[in-house]
Amino acid sequence: MGAAARLADLGLDLPAVAAPVAAYVPAVRTGALIHTSGQLPFVAGSLATTGKVGAGVSPDEATDLARTAALNALAAVAALVEAEGGPAGADALDRIVRVVKVVGFVASDPSFTGQPGVINGASTLLHDVLGSAGVHARSAVGVAVLPLDSPVEVEIVVETA
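Residues numbered from 1 in each chain as written. Predicted model: local features only at pLDDT ≥ 70, side-chain atom pairs only at ≥ 80, totals over all residues. Heavy atoms only, no water.

**Structural notes on helix α2 (residues 59-83)**
Point 1. An ideal rise of 1.5 Å per residue puts 36 Å on 25 residues; α2 measures up with 36 Å between its terminal C-alpha atoms.
Point 2. Of the residues trailing α2, Gly85 is marked for its positive phi of about 100°. (Helix = DSSP H or I, 4+ residues; strand = E, 2+ residues; numbered from the N terminus. Expected span 1.5 Å × (residues − 1).)

**Observations regarding the layout of surface pockets**
In this approach a probe as big as a water molecule rolls over the atoms, and the regions it shows empty are the leftover space.
Point 1. Reported here for the largest pocket is a volume of approximately 170 Å³.
Point 2. Lining the largest pocket are 13 residues, with Val21, Tyr24, Gly38, Gln39 and Leu40 sitting closest to its centre.
Point 3. The residue makeup of the lining of the largest pocket, split by class, is nine nonpolar, three polar and one charged. (1 Å grid on protein atoms, 1.4 Å probe; cavity = no way out; pocket = protein on both sides within 12 Å on 5 of 7 lines; lining within 4 Å. Points joined across faces, edges and corners; volume = space filled by probe spheres on them. Nonpolar A, V, L, I, M, F, W, Y, C, P; charged D, E, K, R; others polar.)

**Let's talk about helix α3 (residues 115-130)**
Point 1. Between its terminal C-alpha atoms α3 stretches 23 Å, which fits the 22 Å expected from 16 residues at 1.5 Å a residue.
Point 2. Considering bend angle alone, the principal kink of α3 is centred on Gly121 and spans about 30°.
Point 3. If you check which residues of α3 are buried, you get Gln115, Val118, Ile119, Gly121, Ala122, Ser123, Leu125, Leu126, Val129 and Leu130.
Point 4. Where α3 is buried, its residues contact α1 (3-9), β5 (52-53), α2, β7 (96-107), β8 (137-143) and β9 (152-160). (Bend = angle between axes of the 7 residues up to and from the residue. Buried < 20%, exposed > 50% of the residue type's maximum accessible area, 1.4 Å probe, protein only. Contact = heavy atoms within 4.5 Å.)

Written out as structure tokens, the structure is:
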């Protein structure tokens, strides 16, 4: 089953690529690897929630936001593959051989130590959409603040065929 079918089974659509909020591009290729910029959990161009996890944002809510940020990262990968002449939309995700690395940042209250659980939202989504190609190495980092006061940010590195 391809990534487009898996997304449909999950009731998800690949979103439009979020516009950069500063001087960078959403994704770049070097050789067989595509690196995404950090992706925030934008939905229809805005953040549904802002603040710190453990102080106003619950861990469960943040886990869902990490899932959304990972979906946005996949959209950035798909857009780059398509721009290079590959398949369009979610079908571009079938070019992913493996997710190599995920880095997740969690804007955390100083007492919050559950960053790995929050970033599981991203990891689970990648596995659900890409199957065994979605299994990856990962870092989950707590930080004081993220751009636009987002609770989470996710970046990925994928190998493509």
